[in-house]
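Results of the structural survey
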Amino acid sequence: MSAQTTAPALPVAKPAGAGRTAEWEIYVASQWRLMWWRFRKHRLAVVSTVIVAFFYFVALFCEFIAPADPDKLSSSYRYAPPQGISFFDENGNFTWWPGVYGLIPSRDPETLRITYTPDHSQWYPVYFFVQGDRYKLWGIWEMDRHLIGLGPEARDVPFFLLGSDRLGRDMLSRIVYGARISLSIGLVGVALSLIFGIILGGISGYYGGMVDNIIQRVIEFIRTLPTIPLWMALAAALPPKWPPEYVYFGITVILSLLGWTGLARVVRGRFLSLREEDFVMAARFCGCSEARIIFRHMVPSFLSHIIASITLAIPNMILSETALSFLGLGLRPPVISWGVLLQEAQNVQTVAFSPWLLLPGVAVVIVILAFNFMGDGMRDAADPYGR
Amino acid sequence: MFQYVIRRLLLTIPTLFVTSLVAFILIQLPPGDFLTNYAAVLAQMGERISDEQLRALQEAYGLNQPVYVQYFKWISGILLRGDFGLSLEWKMPVSQLIWERMGLTLVLTTSTLLFTWLLAIPIGIYSATHQYSKLDYLFTAIGFVGLGIPGFMLALVLMWIAFAYFGQDVGGLFSEQYRNAPWSMAKVIDMLKHLWIPMIILGMEGTAGLIRTMRANLLDELNKPYVNAARARGLPEWRLILEYPVRVALNPFVSTVGWALPGLVNGGTIISVVLSLPTAGPLLLRALQSQDMYLAGAFILLLGTLTIIGTLISDLLLAWLDPRIRFE
């Protein structure tokens, strides 16, 4: 089964006239262009790609996009509910400018819980590109502009678009900051497991024989181990005194130590089938070196598959980090990741009174779904025999 | 067939050995041991423990011996006497702590597996035979969402809804009065009443995946000429589908039994922690956090064994279903 058998026969000569017909374009399109055309047809996958890109954009510029410093405490607004955006000012007149109402705290006489009601007599307009808390973009440039905020005049006014947590920190800012850690851990983890996977899977598939046998047994063994108890055990082994960046790195290594098997299998499978292809044989007869055969002839023809597999592996990594941190075995505060944020939502009673604590989970679900759809679309596009 | 079974059974022995080794290495990995942890906790409470006392404790628990001696003692105790050692935290034999929990884990996983199949196979068949119908789209959508939502998130949300809107605490497997009661018929019935929520949460992901597999497999089969031939001969449609294509489509299903069982044990660990089920997960988490090594080791070993047995069962089932496998 080679790609040639299914590809349409090449026309003998270029059709007459300068008009490049659509048909002609298909014949001369590169492999990547064909894939892009196919991917484009998968509507859901395209939308998902936009969503994923949006989340990564937010993660990249989280300091700017977050309305406030995620660690800023405000003791007078604990567990404040999300403030709705309102287009009616304090006099009840309609305005074209969005704004928020102030919050009045009051204590429930029976349960002694503090509840907040919107104060309709105070209306603060929401501005874009306003001055707010100082931060360092990417730890380099000192800035104080934020995408949205109430401006410097209303510094003490509560601005919690997605509510606030136990210590009165802004949930929106925390979710935005959490995106950076949660989304990057998937990338770093997959990059690590890809290195393991390509090297071991490549060796296994290219050389075959004894080496292949050993590596396959190791993969099988790792796959028979129950992953989550194993993660838990490995994560519990991280010294509690480590600084956050070490823990972050440790967690990614743990995730990729067990995650490489899937990618290794894909790489091996592709190598095995490609090794028998005519064009590889031809290259070998032409006297190409091993390295040239692998990197010039074989890798390009399975690269798209690998990319699709990677896309499907990233959400698993994100999910694993979230699960581990949620259990208290992964990242720990003061690091902000979605899993760490969800830890606050472990107690049902707390969640029942402030359900917005579950919002980081919504972010997780959206990203996971988007990644899955995107990977699905890519896998279909990369498959030359697909429908 | 016989030869294959023997070979497959023999292969599990080294796997089990390596698993036990991994389990032991894992419980040795954390820096310090239970006693340093214990001393730290005591120090926090303002109590001090003398070096002599520590050494005596070390002696008593065998913590001062070389690692391989500790491993040998540990594994021989398990194999020869079924003795998993002493839980350092609970001050009682590990075997007293784990069996009930492992049993409940097994009950939960098997019932989830059955539930998953009972749901996924008919839906998969329906989806494939009624491709692009409204219900097919609905099942596809549910399937994708089911695959995307992490189980523990679903558990959290369901618990919240049950608590906030129905005033019910859905956590646990037993009602208050049965929690510490000895086993009886009433307790079993009570457990069955509680079992369905974790079962649904745990089974959701697997069900969604299996529906997709079943649908795809069956769709591949339905287009084959033999189906048309059978139809041309006037076989009733339901018999035609159930008798041939479904059987072929079920084949890859069986090969996933091996993955399904470990997958459920895996997913179950976190979901059990969220729902505070009296299964292996929460106790394992606690044991890992307090470095109660023998308890943690026993759980990891048993969960690993469960997984290996699951893979074994699926391999044997597959060999029985598909003769080609045996001769590989």
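Cut-offs applied
Residues numbered from 1 in each chain as written. Chains lettered and ligands numbered in written order. Predicted model: local features only at pLDDT ≥ 70, side-chain atom pairs only at ≥ 80, totals over all residues. Helix = DSSP H or I, 4+ residues; strand = E, 2+ residues; numbered from the N terminus. Rg over C-alpha atoms; globule rule 2.2 N^0.38 Å. Buried ≥ 20, exposed ≤ 12 C-beta atoms within 10 Å, placed from the backbone. Contact = placed C-beta atoms within 7 Å. Nonpolar A, V, L, I, M, F, W, Y, C, P; charged D, E, K, R; others polar. pLDDT = per-residue confidence, 0-100. Pairing = 2+ DSSP bridges. Domains from an automatic or database assignment. Axes fitted to C-alpha atoms, helices over the stretch in contact; angles between N-to-C directions. Parallel < 35°, antiparallel > 145°, perpendicular 65-115°, else oblique. Left-handed = near helix turned anticlockwise from the far one by under 90°. Expected span 1.5 Å × (residues − 1). Bend = angle between axes of the 7 residues up to and from the residue. Core = buried A, V, L, I, M, F, W, Y, C linked by C-beta atoms within 7 Å.

Looking at the overall build of chain A
Broken down by element type, chain A carries 14 helices and 5 strands. On C-alpha atoms alone, chain A measures out to a radius of gyration of 27 Å, which is more than a quarter above the 21 Å that the 2.2 N^0.38 rule sets for 387 residues. Taken along its principal axes, the extent of the C-alpha atoms in chain A is 85 × 65 × 40 Å. For chain A, with 387 residues in total, the buried portion stands at 38%. Sequence separation of at least 24 residues holds for 69% of the intrachain contacts in chain A that already meet a minimum separation of 6.

Description of the overall build of chain B
Helix and strand counts for chain B come out as 14 helices and 2 strands. Residues classed as buried in chain B amount to 34% of the 328 residues present. For chain B, restricting intrachain contacts to residue pairs at least 6 apart in sequence, the fraction spanning at least 24 positions comes to 72%.

Quick word on the interface of chain B and chain A
How big an interface is tends to be expressed through the accessible area that disappears when the partners come together. Across the boundary between the two partners, chain B contributes 38 residues, which contact 30 residues of chain A. Going through the elements one at a time, helix 1 (2-28), helix 6 (134-148), helix 7 (151-166), helix 12 (257-275), helix 13 (280-289) and helix 14 (293-321) of chain B are the ones with two or more residues in the side of chain B that touches chain A. For the side of chain B that touches chain A, the residue count by class is 29 nonpolar, 9 polar and no charged.

What about the confidence of the model for chain A?
Residue and element names in this part refer to chain A. Considering every residue of chain A, the mean pLDDT works out to 76; 92% of them sit at 70 or more. No element of chain A has a lower mean pLDDT than helix 1 (residues 3-6), which averages 42, and none a higher one than helix 4 (residues 43-60), which averages 85. In the predicted structure, residues 1-18 sits below a pLDDT of 50 and forms 9 contacts with residues beyond four places in sequence or in another chain.

Observations regarding the pairing of strand 4 (residues 127-137) of chain A
Moving residue by residue along a regular strand, the side chains alternate between the two faces of the sheet. Residues and elements named next belong to chain A. Bridging between strand 4 and strand 5 (residues 141-149) involves 7 bridges; their strand directions are antiparallel. In the strand pairing of strand 5, Q131 is matched with R145. Where strand 4 hands over to strand 5, the hairpin turn is made up of 3 residues, of which W138 adopts a positive phi near 55°.

Comments concerning the domain arrangement of chain A
Residues and elements named next belong to chain A. Taken as a whole, chain A is organised into domain 1 (74-165) and domain 2 (174-381). In this structure, domain 1 and domain 2 have C-alpha centres spaced 39 Å apart. Every contact between the two is made by 7 residues of domain 1 and, on the other side, 7 residues of domain 2. In terms of residue class, the side of domain 1 that touches domain 2 is built from 4 nonpolar, 1 polar and 2 charged.

A word on the environment of B:T110
All names here are of chain B. The topology assignment puts T110 in helix 5 (residues 94-129). Overall, the presence of 12 C-beta atoms within 10 Å leaves T110 in the exposed class. Expressed as a C-alpha distance, the spacing of T110 and L80, which sit 30 residues apart in the sequence, is 28 Å.

Considering the packing of helix 8 (residues 227-236) of chain A against helix 9 (residues 244-275) of chain A
Residues and elements named next belong to chain A. For the pair helix 8 and helix 9, interaxial distance at closest approach is 10 Å and the crossing angle is 150°. As far as their axial angle goes, helix 9 and helix 8 are roughly antiparallel. The crossing of helix 8 and helix 9 is right-handed. Across from T227, L230, W231, L234 and A235 in helix 8, the residues of helix 9 making contact are I251, I254 and L258. Classifying every residue of the contact of helix 8 with helix 9 by side-chain character gives 7 nonpolar, 1 polar and no charged.

Structural notes on the sheet that holds strand 1 (residues 86-88) of chain A
All names here are of chain A. Pairing in this open sheet of 3 strands is antiparallel, and the strands run 1-2-3 from one edge to the other. Edge strands, defined here as strands with exactly one partner in the open sheet, are strand 1 and strand 3 (114-125). Here the average twist between neighbouring strands, direction ignored, is 50°. Of the pairings in the sheet, the one linking strand 1 to strand 2 (residues 94-107) comprises 2 bridges and is antiparallel in character. Pairing of S86 across the sheet is with G99, part of strand 2.

Some details on the confidence of the model for chain B
Per-residue pLDDT for chain B has a mean of 77; in total, 84% of the residues score no lower than 70. Taken element by element, the predicted model of chain B shows its lowest mean pLDDT in helix 2 (residues 34-44) of chain B (69) and its highest in helix 9 (residues 225-232) of chain B (86).

Re the packing of helix 9 of chain A against helix 11 (residues 290-327) of chain A
Residues and elements named next belong to chain A. At a closest axis distance of 10 Å, the pairing of helix 9 and helix 11 adopts a crossing angle of 155°. Relative to helix 11, the element helix 9 lies roughly antiparallel. Crossing of helix 9 against helix 11: the hand is right-handed. Where helix 9 approaches helix 11, its residues I251, L255, G259, G262, L263, V266, V267, R270, F271 and L274 are matched on the opposing element by M298, S301, F302, H305, I306, S309, A313, M317, S320, E321 and L324. Split into classes, the residues belonging to the contact of helix 9 with helix 11 amount to 13 nonpolar, 6 polar and 2 charged.

A closer look at the environment of A:E277
In this fold, A:E277 is placed in the loop between helix 9 and helix 10 (278-285). C-alpha separation for the pair A:E277 and A:M298, spaced 21 residues apart in sequence, amounts to 9.6 Å.

Some words on helix 9 of chain A
The end-to-end C-alpha distance of helix 9 of chain A is 45 Å, a good match for the 46 Å that 32 residues give at a rise of 1.5 Å each. Considering bend angle alone, the principal kink of helix 9 of chain A is centred on A:L258 and spans about 40°.

Examining the nonpolar core
Residues A:M232, A:A235, B:A296 and B:F299 are the most contacted members of the largest nonpolar core, which totals 152 residues. For this core, the element with the highest residue contribution is helix 11 of chain A, accounting for 14 residues. Summarising the domain contributions, this core has at least three residues from each of domain 1 (74-165) and domain 2 (174-381) of chain A. Apart from residues no more than four positions distant in its own chain, B:A296 is found in contact with A:A233, B:I27, B:L284, B:A287 and B:L288.

A short note on the environment of B:A120
By secondary structure assignment, the location of B:A120 is in helix 5. Among residues more than four places away in sequence, those in contact with B:A120 are B:T207, B:L210, B:I211 and B:M214.

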